[in-house]
Amino acid sequence: MDQNLLEYTLRIGDNALILGQRLSEWCGHGPILEQDIALSNIALDHIGQARMLMQYAAEQKGADFTEDKMAFFRDIWEYRNALIVELENGDWAKTICRQFLFDTYNYYFYTALLSSADERLKEIAQKAIKEVSYHAQWSAEWIIRLGDGTEESHQKAQNALNELWEWTGELFEMDAVDEDMISKGIGVDLTQLKKDWNVKVDQILEMATLKRPEDAWMQSGGKQGEHTEYLGYVLAEMQHLPRMYPEANW
Amino acid sequence: MFIRSRNGLSHKHVGSLHAPDADMAIKNARDVYTRRSEGISIWVVESEAITASSPDENEPLFAPADDKVYRHPTFYDIPDEVGHM
């Protein structure tokens, strides 16, 4: 088993799983029916991607593991998602802003993963890229409308952007796992990705009349398993049923 | 919202929704009305642009057609090759 490949698979898969779980909290609570359905669709896209990646991770771990075991029987410190996806949803502006910042990253990430030397990751990227492209369009459209909307929507979008900015740095951090995966042609070089992300984010923020926050100290740790207090609550809700009734079936 | 379910068929009205503008209406329609592969093309029209007949005029508009069965071309066999009419 290639420990770095497993680690890498989990980082991608946990981003999808935790963001999908977070977004599903909006189901039945969206501001209007159309956006309730839109967010639930997006949540399900992420869960679908997470399933493929959890299956792959489980296969790497060996015969005793399944996708469900990967999702429901790992604890906080075993999760490898970036911190930004586990943050609380907040109001509509904060959820949209997080989506915009993450979706833009995710779009460039999966685009690069299309040329991965790992066949499975490549296949997963081929399937996911259609969904991820739509997510990036959708949240960018929303950011423009919130930022360039009313005085109140502008202020809420700007507040959300300021609040979330310190969580964006981790997306582009690279450690030994990244370096190893890049050297094998499997992983994505985040240096180039960051340039693309900056250009796109600046372009959309300008259309949205929002001010890009100054780059200052950035939060990090999620990719190595050091999480915020929020992840525990996400996992508690997501995992309590299978942990109470491990053999439960539909 | 009008959806074309596949090539060769016309766009059909499927319902209405709220959206701040036309671009977002397309996205909303995609999410609300095509999530089960219902379509390959979407038209959106602002409800303001629709001129509707008045329910008060239903009698003069529609009742006269009720007793004119000869207007239904039910006497013809349509060859299979014709496809949708």
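Residues numbered from 1 in each chain as written. Chains lettered and ligands numbered in written order. Predicted model: local features only at pLDDT ≥ 70, side-chain atom pairs only at ≥ 80, totals over all residues.

(A) Representation of the overall build of chain B. Within chain B, the secondary structure is distributed over 2 helices and 3 strands. Order of helices (α) and strands (β) in chain B, N terminus to C terminus: β-β-α-β-α. Its C-alpha atoms give chain B a radius of gyration of 18 Å, more than 25% over the compact-globule value 12 Å for 85 residues. Along the first, second and third principal axes, the C-alpha set of chain B runs to 45 × 40 × 20 Å. Taking all 85 residues of chain B together, 12% fall into the buried category. Taking the contacts inside chain B whose residues are at least 6 apart along the sequence as the reference set, 42% of them involve residues at least 24 apart. (Helix = DSSP H or I, 4+ residues; strand = E, 2+ residues; numbered from the N terminus. Rg over C-alpha atoms; globule rule 2.2 N^0.38 Å. Buried ≥ 20, exposed ≤ 12 C-beta atoms within 10 Å, placed from the backbone. Contact = placed C-beta atoms within 7 Å.)

(B) Representation of the overall build of chain A. Of regular secondary structure, chain A possesses 9 helices and 0 strands. What you see for chain A is a C-alpha radius of gyration of 18 Å, in line with the 18 Å of a compact globule of 250 residues. Reported as C-alpha extents along the three principal axes, the dimensions of chain A are approximately 55 × 40 × 30 Å. Within chain A, buried positions represent 41% of all 250 residues.

(C) Structural view of unusual backbone geometry. The residue A:Thr209 is not glycine, and still its phi comes out positive at about 55°. Along the chain, the position of A:Thr209 falls in the loop between α8 (190-207) and α9 (230-244). Of note, the phi angle at B:Ser37 is positive, near 60°, even though the residue is not glycine. The residue B:Ser37 is located in the loop between α1 (22-33) and β3 (41-43) in this model.

(D) Here's a closer look at the sheet that holds strand β2 (residues 12-13) of chain B. Here we have 3 strands laid out as an open sheet, ordered β2-β1-β3 (chain B), and antiparallel in their pairing. Edge positions in the sheet fall to β2 and β3 of chain B, since each has one partner strand and no second. (Pairing = 2+ DSSP bridges.)

(E) Spotlight on the interface of chain A and chain B. Counting from both sides, the interface comprises 8 residues of chain A and, opposite them, 11 residues of chain B. Counting only elements with at least two residues in the side of chain A that touches chain B, the list comes to α2 (33-61) and α5 (119-147) of chain A. Of the residues forming the side of chain A that touches chain B, the biggest block, 4 residues, is contributed by α2(A). Of the residues assigned to the side of chain A that touches chain B, the class counts are 4 nonpolar, 1 polar and 3 charged. (Nonpolar A, V, L, I, M, F, W, Y, C, P; charged D, E, K, R; others polar.)

(F) How the structure looks around the packing of α2(A) against α1(B). Two elements in contact, α2(A) and α1(B), have axes whose closest approach is 9 Å; the angle formed by their N-to-C orientations is 70°. By the criterion of interaxial angle, the relationship of α2(A) to α1(B) is roughly perpendicular. As for how α2(A) packs across α1(B), the hand of that crossing is left-handed. Between α2(A) and α1(B), the residues in contact are A:Glu34, A:Ile37, A:Ala38 and A:Asn41 and B:Asn28, B:Asp31 and B:Val32, respectively. The residue inventory of the contact of α2(A) with α1(B), partitioned by class, reads 3 nonpolar, 2 polar and 2 charged. (Axes fitted to C-alpha atoms, helices over the stretch in contact; angles between N-to-C directions. Parallel < 35°, antiparallel > 145°, perpendicular 65-115°, else oblique. Left-handed = near helix turned anticlockwise from the far one by under 90°.)

(G) Molecular detail of the environment of A:Tyr8. Within the secondary structure, A:Tyr8 is located in helix α1 (residues 3-24). Leaving out residues up to four positions away in the same chain, A:Tyr8 has contacts with A:Val177, A:Met181 and A:Gly187.

(H) Spotlight on the packing of helix α4 (residues 92-113) of chain A against α5(A). Residues and elements named next belong to chain A. At a minimum axis distance of 7 Å, the contact between α4 and α5 shows a crossing angle of 145°. You can see that α4 and α5 cross each other, and the crossing is left-handed. Looking at side-chain class alone, the contact of α4 with α5 contains 17 nonpolar, 7 polar and 2 charged residues.

(I) Geometry of the environment of A:Gln21. Its place among the elements puts A:Gln21 in helix α1. Along the sequence, A:Gln21 and A:Glu237 sit 216 residues apart, while their C-alpha atoms lie 9.3 Å from each other.

(J) The confidence of the model for chain B, seen in detail. Confidence along chain B averages 90 in pLDDT terms, with 99% of residues attaining 70 or more. Across the interface, the model reports ipTM at 0.74; the global pTM reads 0.88. (pLDDT = per-residue confidence, 0-100.)

(K) Region of interest: the nonpolar core. The biggest cluster of nonpolar side chains holds 67 residues, and the ones touching the most others in it are A:Leu53, A:Ile84, A:Cys97, A:Ile143 and A:Ala157. Those elements that provide at least two residues to this core are α1, α2, α3 (67-72), α4, α5, α6 (151-164), α8 and α9 of chain A. The contact partners of A:Ile84, leaving out residues within four places of it in the chain, are A:Arg98, A:Leu101, A:Phe102, A:Leu164, A:Trp167, A:Thr168 and A:Leu171. Judged by nonpolar contacts, the second largest core, of 7 residues, contains B:Met1, B:Ile3, B:Met24 and B:Ala29. (Core = buried A, V, L, I, M, F, W, Y, C linked by C-beta atoms within 7 Å.)

(L) α1(B), seen in detail. With 12 residues, α1(B) ought to run about 16 Å at 1.5 Å a step, and its terminal C-alpha atoms sit 16 Å apart, in line with that. Turning to α1(B), its buried residues number three or more, namely B:Met24, B:Ala25, B:Asn28, B:Ala29, B:Asp31 and B:Val32. Down the axis, α1(B) shows its buried residues gathered within 165° of arc, on one side only. In the core, the buried residues of α1(B) are packed alongside α2 and α5 of chain A together with β3 of chain B. (Expected span 1.5 Å × (residues − 1). Arc of directions from axis to C-beta.)

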